[in-house]
Every structure is written in structure tokens, then in C-alpha cells.
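# An overview of the molecular structure
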Amino acid sequence: MIIDSRNLAGQAKEVLGKPRYPSVAGVREALAAYGFAVEKVIAAVATRSQGNAARSPRVSKALQINCDFAERIRADGGVVAEGYLRDDYGPMEEKQVDVLCARAIADEAYAVRHAASPARAIVLLSKDADLIPMFSFAHDLGVPVYAAASSTVHDRRLDHWLLLGQAALCTMTGMRGMVGHGLRDRVAEFALRRWDRHYSWTVVGTVHRSGVELVRLLHSCGVQGIASLAEFGGRAPAHGSVHALYPAGIDAGEWRRELPELALVAVPPTRPSPS
């Protein structure tokens, strides 16, 4: 089992609503439901910084999360392949991790082919298409590689793939409570049936899209919402402050593929949003 850790965390965010890293025990349990007995777990993750990233607070925070994850993997008997984070050119970038995953595929395929490993196949937890060419190397050695992800892998004409559902991602990451389908249902309920009254929302942060700063808020039931600065008089509200806002539609994120959030406004809407 080879895990592209940040890629899997991104899948958890899209499907469940929050980015979460997996555990060794969770991966073993989830893959058992698909008929796999996991022999070895290798997690590729960025645990170092390079360039200006050493002075970046957001990189420091991300590295702490990644290093804690790496320690949990090692403590549970897994292997960590360590890449690094860079913050030189705008968006924070993860470097070397793809190559580390490709190298792990090659190493494990060679070990299986030459009887140094009891494994019979490799499962890659990632939907990154850049890693697919490495599958042919393992194929030439007679070792099947399964691409496992929450989407896309079934459309790539691969010989072997696993389409992971919400239950599998919950098991891998240990997420509990109202996530995924439950959150989507609650968002739809607010937008379509409960749009004509305000609710209390707590500010949990900000997000930038195309140079525009937006405010992210949380309802006590777990639903998140997005509002423009105009709803707060043009200034970002304090973190943790509570505001009465109305549901005014659905926000599906910048890439239109994230778990939906509510679009929130300060003025009561006159009708439900057509979105």
C-alpha cells in the first residue's frame, strides 16, 4: 500500500468535507472490505521546507501537521517517504512526493517479482494521473497496481482500480459524525427549505479566490458557509465572532468540485436561490 498523503487528504475534503490524513489501521480495515490484506504501508508526505518556506507561518503549520502524521505512521509500523514544501511562488507546493510514490512502486514491484516480499499486488492511494506511467514498469514485472481513489480512476482505462466510497474514506481517516452525504443533505435543507430566516454563524477563517477575500463561517450543526466582506461592512470580522446571516444559495467552491457550502448574506432574500 502506497499513499500519496496530501492527495488522499484532498479527496477526504471533497467527499467528507474536511482534509484528513489516514491511519495505518484505518487503511488496513478499509482495504479489507475490498478483499485486500495489507502487508506494508508506505506514506509519502512533505516533512521539510525549502526556500522561503522556512519563513512562512502557513508552511510551519502544515509541516507540523505532516510531521505529526509521519510519526503516527511510523508508530503504527508504516514507512514514511519524506518530501518537502515550498512557498516561493504563491500557492504552497509539495515537492518530490510524486517521485517518491513512483520510486516506491518500482521498489515494491521489484521486491514482489523477486520473491523478497509476500505481497501479490500494489495499491496506490492517489488519483494523480502523473503516477500512471509507473504502472507499466510494475506490469512488465507481472505485478498489478491498483489505483484507488474517490473519483476519476475508473475512467482512465486502467487494468486495475478501486473506486473508494464515503465509508472507505471515513474508515481510513477515522472521521465520525455528520460528514459527506449528511452534510450535503443539511446544506440542501438550509438552502431550499430554511432560507427565509437567519441563523447564528461563527467566523472560522478566510479564503481567497481569484484575489478576492471571503469569510468562512460555521453553524453549530457542522455546516459551513461562505460570505463576502460586503456582508460585514467591507471589513473582515474577528475570528470566533458570531453573526446572524441568511442562507442565499449554494457555494460549490472555486473548482466546482468541493463539498458544497452555503452562500450567506446579511439581508433576508426574497425567494430561494435557483442554485
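Just above sits the structure.
The present account deals with the structure reproduced in this document. Residues take numbers from 1 onward in each chain, read along the sequence in its written order. For this predicted model, a pLDDT threshold of at least 70 governs which residues receive local features, and a threshold of 80 or more governs which side-chain atom pairs are given and counted, while totals over whole chains, interfaces and linings are taken from all residues. As a rule here, side-chain values come from all non-hydrogen atoms in the structure, and water together with hydrogens is ignored.

### A closer look at the pattern of salt bridges
Take a side-chain nitrogen of Lys or Arg and a carboxyl oxygen of Asp or Glu: if they are within 4 Å of each other, that pair is a salt bridge. Scanning the entire structure with this criterion turns up 10 salt bridges. Taking the shortest distance from any N to any O, the salt bridge between Arg194 and Glu189 comes out at 3.3 Å. Between Glu261 and Arg216 there is a salt bridge whose closest N-O contact spans 3.0 Å. With Glu261 in strand E12 (residues 261-265) and Arg216 in strand E9 (residues 212-218), this pair connects stretches of sequence that are 45 residues apart. Relative accessible area serves as the criterion here: at 16%, Arg216 is assigned to the buried category. Through salt bridges with shared partners, one network takes in Glu71, Arg74 and Glu82. What counts as a helix is a DSSP run of H or I of at least four residues, what counts as a strand is a run of E of at least two, and both are numbered from the N terminus. For every residue, the accessible area (1.4 Å probe, protein chains only) is compared with the maximum for its type, and the residue is labelled buried under 20%, exposed over 50%, or partly exposed between those bounds.

### Some points on the pairing of E9
For strand E8 (residues 199-209) and E9, the ladder comprises 7 bridges, and the chain directions are antiparallel. Within the sheet, the bridge partner assigned to Gly205 lies in E9 and is Arg216. Counted along the chain from E8 to the antiparallel partner E9, the turn is 2 residues long, and its residue Ser210 has a positive phi close to 50 degrees. Where E9 lies against strand E10 (residues 224-228), 5 bridges are found, and the strand directions are antiparallel. When the sheet's bridge partners are listed, Val215 is paired in E10 with Ala227. Two strands are counted as paired when DSSP detects at least two bridges linking them.

### Description of the sheet that holds E10
Strands sit in the order E8-E9-E10-E12-E11 around a closed barrel of 5 strands; the barrel is mixed. Strand-to-strand twist in this sheet, taken as the mean axis angle between neighbours without regard to direction, amounts to 45 degrees. Orientation is described by lines fitted to C-alpha atoms, with helices fitted over the stretch in contact, and by angles between N-to-C directions that extend from 0 to 180 degrees.

### With respect to the environment of Ile3
Along the chain, the position of Ile3 falls in strand E1 (residues 2-4). Residue class for Ile3 comes out buried when judged on its relative accessible area of 0%. Taking the C-alpha atoms as reference points, Ile3 and Leu124, 121 residues apart in sequence, are found 6.0 Å from one another. Beyond its immediate chain neighbours, meaning those up to four positions away, Ile3 contacts Leu8, Pro22, Val27, Val41, Ile42, Ala43, Ala44, Cys101 and Leu125. Note on definitions: a residue-residue contact is assigned when non-hydrogen atoms from the two residues lie within 4.5 Å.

### Overview of the side chain of Arg216
Definition of a polar contact: a pair of N or O atoms within 3.5 Å, with one able to donate and the other able to accept a hydrogen when the atoms are protein atoms, and with sequence-neighbouring residues admitted only if both atoms are side-chain atoms. In terms of polar contacts, Arg216 uses its side chain to reach the side chain of Glu261, at 3.0 Å. Look past the residues within four positions of Arg216 in its chain and what remains in contact with it is Thr202, Val203, Val204, Gly205, Thr206, Val207, Arg209, Gln224, Gly225, Ile226 and Glu261.

### Some words on the sheet that holds strand E3 (residues 79-86)
Ordered in space as E4-E3-E2-E1-E5-E6-E7, the 7 strands form an open sheet in which the pairing is mixed. In this open sheet, the two strands that pair with only one neighbour each are strand E4 (93-95) and strand E7 (161-163). Going across the sheet, the axis of each strand differs from the next one's by a mean of 30 degrees, ignoring polarity. Here strand E6 (residues 145-149) runs beside E7; their pairing, made up of 3 bridges, is parallel.

### Focus on the nonpolar core
In this text, buried Ala, Val, Leu, Ile, Met, Phe, Trp, Tyr and Cys residues form a nonpolar core when linked through side-chain atoms within 4.5 Å. One finds Met1, Ile3, Leu16, Leu31, Leu125, Leu164 and Met172 to be the most contacted residues of the largest nonpolar core, which totals 32 residues. Of the residues forming this core, the biggest block, 5 residues, is contributed by helix H1 (residues 5-16). Setting aside chain neighbours within four positions, we find Leu125 in contact with Met1, Ile2, Ile3, Asp4, Leu8, Val27, Ala148, Leu164 and Met172. Ile105, Ile122, Leu131 and Ala147 belong to the second-largest nonpolar core, a separate cluster that totals 23 residues.

### Comments concerning the pairing of E12
As judged from the 2 bridges shared by E10 and E12, these two strands associate in the parallel manner. Across the sheet, residue Ile226 finds its bridge partner in E12, namely Ala263. Judged from the 4 bridges that link them, strand E11 (residues 242-251) and E12 form a sheet pairing that is antiparallel. Paired with Ile250 across the bridge in E12 is Leu262.

### What about the packing of helix H4 (residues 97-113) against helix H5 (residues 133-140)?
Running from N to C, H4 and H5 point in directions that differ by 5 degrees, and their axes come no closer than 9 Å. What the angle tells us is that H4 and H5 run roughly parallel. On H5, the residues that touch Ala102, Ile105, Ala106 and Ala109 of H4 are Met134, Phe135, Phe137 and Ala138. Three categories are distinguished: nonpolar for Ala, Val, Leu, Ile, Met, Phe, Trp, Tyr, Cys and Pro, charged for Asp, Glu, Lys and Arg, and polar for the others, with Gly belonging to the last. Across the contact of H4 with H5, the residue classes tally to 8 nonpolar, no polar and no charged. An angle counts as roughly parallel when it lies under 35 degrees, as roughly antiparallel when it exceeds 145, as roughly perpendicular when it falls between 65 and 115, and as oblique in every other case.

### Remarks on the state of the cysteines
Count a disulfide wherever a pair of cysteine sulfur atoms falls within 2.5 Å. A complete count under the given rule lists 0 disulfides for this structure. The thiol of Cys67 is not disulfide-bonded; the next cysteine sulfur, from Cys101, is found 17 Å away.

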